[in-house]
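# Descriptive analysis of the structure
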Amino acid sequence: MNRLGRKASETLIEMAPSADDDIAVLTKFKLLQSEGEESNGPLCETLSTAGSEVPSSSEQGLSSTETTLLIPDHQVIDKRHQSKDSIFFRDGVRRIDFVLSYVDDLNKEWEKKLERRKEFESNLQKAGLELETEDKKESEDGKIYFVKIHAPWEVLITYAEVLNIKVPIKENDIPSMVENPLDCMLTPFRLPEKVMHPEPDYFTAPFSKEKQELYLINDESTFFSPSMRNRIVNYILTRCPYGTEEGKKKFGIKRLLNNGTYSAAYPLHDCQYWKKASDPNCDNERYTLYMEWARFLRFYKEQPLDLIRKYYGEKIGIYFAWLGFYTEMLFLAAVVGVICFLYGLFTMDENMSSKEICDPAIGGEIIMCPLCDRECEYWRLNTTCESSEYSHLFDNVATLFFAIFMGIWVTLFLEFWKRRQARLKYEWDLVDFEEEQQQLQLRPEYEAKCTQKKKNPVTQEMEPYLPLTSQAVRFCISGTTVLFWVSLIIASMIAVIVYRLAVYAAFASLMENTQTLQPISGLLTPQLATSVTASCLNFVIIMILNFIYERIAIWITDMEIPRTHMEYENRLTMKMFLFQFVNYYSSCFYVAFFKGKFVGYPGAYTYMFNRWRNEECDPAGCLIELTTQLTIVMAGKQIWGNIQEAIVPWICNWWGRRKARNNPENLYSRWEQDHDLQTFGALGLFYEYLEMVIQFGFITLFVASFPLAPLLALMNNILEIRVDSWKLTTQYRRPVAAKAHSIGVWQEILNGMAILSVVTNAFIVAFTSDMIPRLVYYYAYSESDDSPMSGYINNSLSVFLISDFPERNKPKTNPENFVICRYRDYRYPPDHERRYLHTMQFWHILAAKLAFIIIMEHVVFIVKFFVAWMIPDVPADVKAKIKREKYLTQKILHEYELEKLKERLCQGDKRATEKEFIATEGKMELSRAM
């Protein structure tokens, strides 16, 4: 099926490895020219008009870029005759599949860049691509050249076969799922059918040039979708050579972008997002996505995943499918979390512990030991009345239920996502897609930097490789760098702990001596003030370290020279996640598992660096401080993330477009509009996944301390979906389409965090909350049958004789001449023969905590694994459809082969023997039987 006006032989692309180059280029492009045709031929589109006297590129043998430089000032294209929304060449027929831009800055590198561009564009033309250059005089700022690229039919079908792209062969006749009678209730949340399913469902097969009659090719110009076309062109651009420098073969658009030869390379959006294009040939998919998906007022609507996949590719589609599913599952967790919170709120007045603390006759008479050395004074327990009441909101029996529930919820989320993912793989023709096949294509950077070659044992071809010694050195440097930065995080966390220890005395003195703070002294205690300011300081440090380490992680991953794209992403993912894990969660781990656990007792306190006394928990427990820490870090990260994702790109684009508003609207072309947008880089999705996985850690690892965390995450994710869709549709250039059949290594990270969350929540309930000590008191030490929890506070506080204070710890003043003070621990009183040693109750509580951890972990793990076993990863109807589609597709292909053999027999082809005909029929029978 040849394209009009061209010979098939002119666009054949020879795919062969380079035998004599230092770099093993995967593809070698060669344009087979007819006799007498000039080197650039008709492929090079010049800017000269019909009446122009400027020589054509065919006459001069110049590239399109050079031709542009020869155009006189008065000979320019009248862009007013071309729609600003045009996504076609000037002939209005050939679609613009990719755009390159550059600035002619005339510096000392100008000649070298010009030579690179000439060679690169010449090789693109030899690869069969067609180019059309817009002179800088036609751009809105008068500085930027634009090279528009079109892939003709012959190039598309050649690389569709190379990339194993699946195309339709027959409309799908498998009946759709039986309608759910409850679907009518979901109608307000549905989108129109045309938006949800923009094209019919087909049986598909990998494209082959030899079987073009088999495929449903109604129109060559629209057979391959724009996302497929830009993926093919990008494949060529990343492998096209542009010369030899320093004895090494150089190739790929990425290098040309890095060295400034080109300023940008991007596919075009199909129209403006706020209105439809005037061109009837435009699909207006960007406009549809904006109106139905990217606006916040559509937050309650389902996502048009098929349209997202069609416009942006499967990789971005699978991300939004995962994010939407995660948000749906969060709704259940948020509802249960709110119920647990309301339980704490409604039972607050019944909490005996806070009643005793607030009672002037009990808490008002209990004198507590100073919380810091020398500067702090003795204080009455009832000063923590308000904080003890708020602590009950999160530290109650519902905490245990919610921790167990979230352990099971995580399993349900991961298992049901596998099922959802399997359905998407079927619907998006990814069942037979082996990501490894695509990703095993060597990275151009790997090919360029690895000069040594060896024979591949599978393909038996020579390919570049990195020597083992070089790999070992690079991994050592990488591991040392990662270890250094993790150590730096831990050091910063210790610095924050030192801050907490150092400023507590200052806050205590300030609140004691400042009259204006007296009215809120009950609410804003020195402990709370220290915790809030330390959390805010920790958040600022987290953001700064995160900003720096992102660049460090990319640098060390580049230095390792990963072999494939998948290997590169996996290595970078593990480095970034390890860092982020330590960076975001270290402070929460400190408050949950270390604060107040190694305090000592009055007269024998433990000190950090022999200088700062370790922190104590509030008499009501440390859980409220963990809640504070979690809320500040989690909410702060989400707010800051949304500002970064939405406001920053909008400001950058506004700043870049400010001059364009002064020009007539019809002079601001489609490629210039997209050029002024932000770039959605290769790691754009990586940061989106990382943000969500870190949030997933907050709502699973520490959820026992804050039942409202899933609600915060739900609210954030509803906003996140619309912010991500809005910025992708309106603020960023169109990303190059890429395939993916899963969320990749993130699935394993989520599985690991799900297992770890069971352990952390069991420890939080046992060691951070006060639940186990209360239960031990309730069943073993209570002295009242009518009110079993009365006397708990007095029982949980030990007695210390003030005269036993060493000089280092004793407060400077004791105006009321107190004789004893109380502290939170289970130790014998000073008049006991085992004074200040742990009581038997302490060991009973410790044993109960350890027993609880073992029982809770085993119960939750048993339920998790049972649920995972009960829920199959692939739904039964999807399995049946996959088998049915494979059978029908094979049948269609075999019938096609049989028909071709019949034609050859009828035409007297001697090679089409009767035995071959019988063998083909036998293959069809075997396929039916299987």
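If you're wondering where the values come from, they're calculated on a predicted model, not measured in any experiment.

Rules used throughout
Residues numbered from 1 in each chain as written. Predicted model: local features only at pLDDT ≥ 70, side-chain atom pairs only at ≥ 80, totals over all residues. Heavy atoms only, no water. Helix = DSSP H or I, 4+ residues; strand = E, 2+ residues; numbered from the N terminus. Contact = heavy atoms within 4.5 Å. Areas by Shrake-Rupley, 256 points an atom, 1.4 Å probe, with all protein chains shown as cover. Polar contact = N/O pair within 3.5 Å; in protein donor to acceptor, adjacent residues only side chain to side chain. Disulfide = S-S within 2.5 Å. Buried < 20%, exposed > 50% of the residue type's maximum accessible area, 1.4 Å probe, protein only. Salt bridge = Lys/Arg side-chain N within 4 Å of Asp/Glu carboxyl O. UniProt positions renumbered as here; feature names shortened; annotations may be inferred. Pairing = 2+ DSSP bridges. Axes fitted to C-alpha atoms, helices over the stretch in contact; angles between N-to-C directions. Parallel < 35°, antiparallel > 145°, perpendicular 65-115°, else oblique.

## A word on the overall build of the chain
Within the chain, the secondary structure is distributed over 29 helices and 19 strands. A fraction of 76% describes how many contacts in the chain between residues 6 or more apart in sequence connect residues 24 or more apart. About 42,900 Å² of surface is accessible on the chain, with carbon and sulfur atoms providing 59% of the total.

## What to know about the side chain of Ser-742
Summarising the element assignment, Ser-742 is placed in the loop between helix H23 (709-731) and helix H24 (745-768). Within the local environment of Ser-742, its side chain forms a polar contact with the backbone nitrogen of Gly-744, the two atoms lying 3.2 Å apart.

## Quick look at the state of the cysteines
Counting across every chain of the model gives 3 disulfides. Two residues share a disulfide in this structure: Cys-358 and Cys-385, whose sulfurs sit 1.8 Å from each other. Here Cys-358 and Cys-385 share a disulfide; its torsion about the S-S bond, 100°, makes the bridge right-handed. A residue pair is termed long-range when its members are at least 10 positions apart, and Cys-358 in helix H12 (residues 352-358) and Cys-385 in helix H13 (residues 385-394) qualify at 27 residues. Given a relative accessible area of 14%, Cys-385 falls into the buried group. Two residues share a disulfide in this structure: Cys-369 and Cys-821, whose sulfurs sit 1.9 Å from each other. Disulfide Cys-369 to Cys-821: torsion about the S-S bond roughly 80°, handedness right-handed. Placement of Cys-369 in the loop between strand E10 (367-368) and strand E11 (379-380) and of Cys-821 in strand E19 (residues 820-824) is noted, with a sequence separation of 452 residues between them. For Cys-369, a relative accessible area of 5% translates into the label buried.

## Some words on the pattern of salt bridges
Counted by the stated rule, this structure contains 35 salt bridges. Its salt-bridge partner being Arg-190, residue Glu-302 comes within 3.3 Å of it at the nearest N-O pair. One end of the pair, Glu-302, is in the loop between helix H9 (285-294) and helix H10 (305-312); the other, Arg-190, is in the loop between strand E5 (166-171) and helix H5 (193-196), and 112 residues separate them in sequence. Arg-190 gets classed as partly exposed once you look at its relative accessible area, which sits at 35%. One connected set of salt bridges, linked through shared partners, spans Arg-90, Glu-132, Glu-134 and Lys-148.

## Re the UniProt feature "transmembrane region" (unreviewed entry) in the chain
Taking the numbering used here, the UniProt-annotated feature "transmembrane region" (unreviewed entry) corresponds to residues 319-346, 397-417, 482-507, 527-549, 576-593, 693-714, 749-769 and 842-871. With 100% helix and 0% strand, residues 397-417 has its two end C-alpha atoms placed 31 Å apart. In the segment residues 576-593, helix accounts for 100% and strand for 0%; the C-alpha atoms at its two ends are 24 Å apart.

## Digging into the pairing of strand E4 (residues 144-150)
Counting buried residues in E4 gives 7 out of 7 residues, a clear majority hidden from the surface. Across the two faces of E4 the burial is the same, with Ile-144, Phe-146, Lys-148 and His-150 and Tyr-145, Val-147 and Ile-149 all buried. Strand direction decides the pairing type here: strand E2 (residues 98-103) and E4, joined by 6 bridges, are antiparallel. Within E4, the position partnered with Leu-100 by the bridge is Val-147. Here strand E3 (residues 130-134) pairs with E4 via 5 bridges, running antiparallel. Within E4, the position partnered with Thr-133 by the bridge is Val-147.

## Quick look at the packing of helix H14 (residues 397-427) against H24
Packing of H14 against H24 brings their axes to within 10 Å, and their N-to-C directions diverge by 170°. On the basis of their axis angle, the class for H14 and H24 is roughly antiparallel. For the pair H14 and H24, contact is made by Thr-399, Leu-400, Ala-403, Val-410, Leu-414, Trp-417 and Lys-418 and by Gln-747, Leu-750, Asn-751, Ala-754, Asn-761 and Val-765, respectively.

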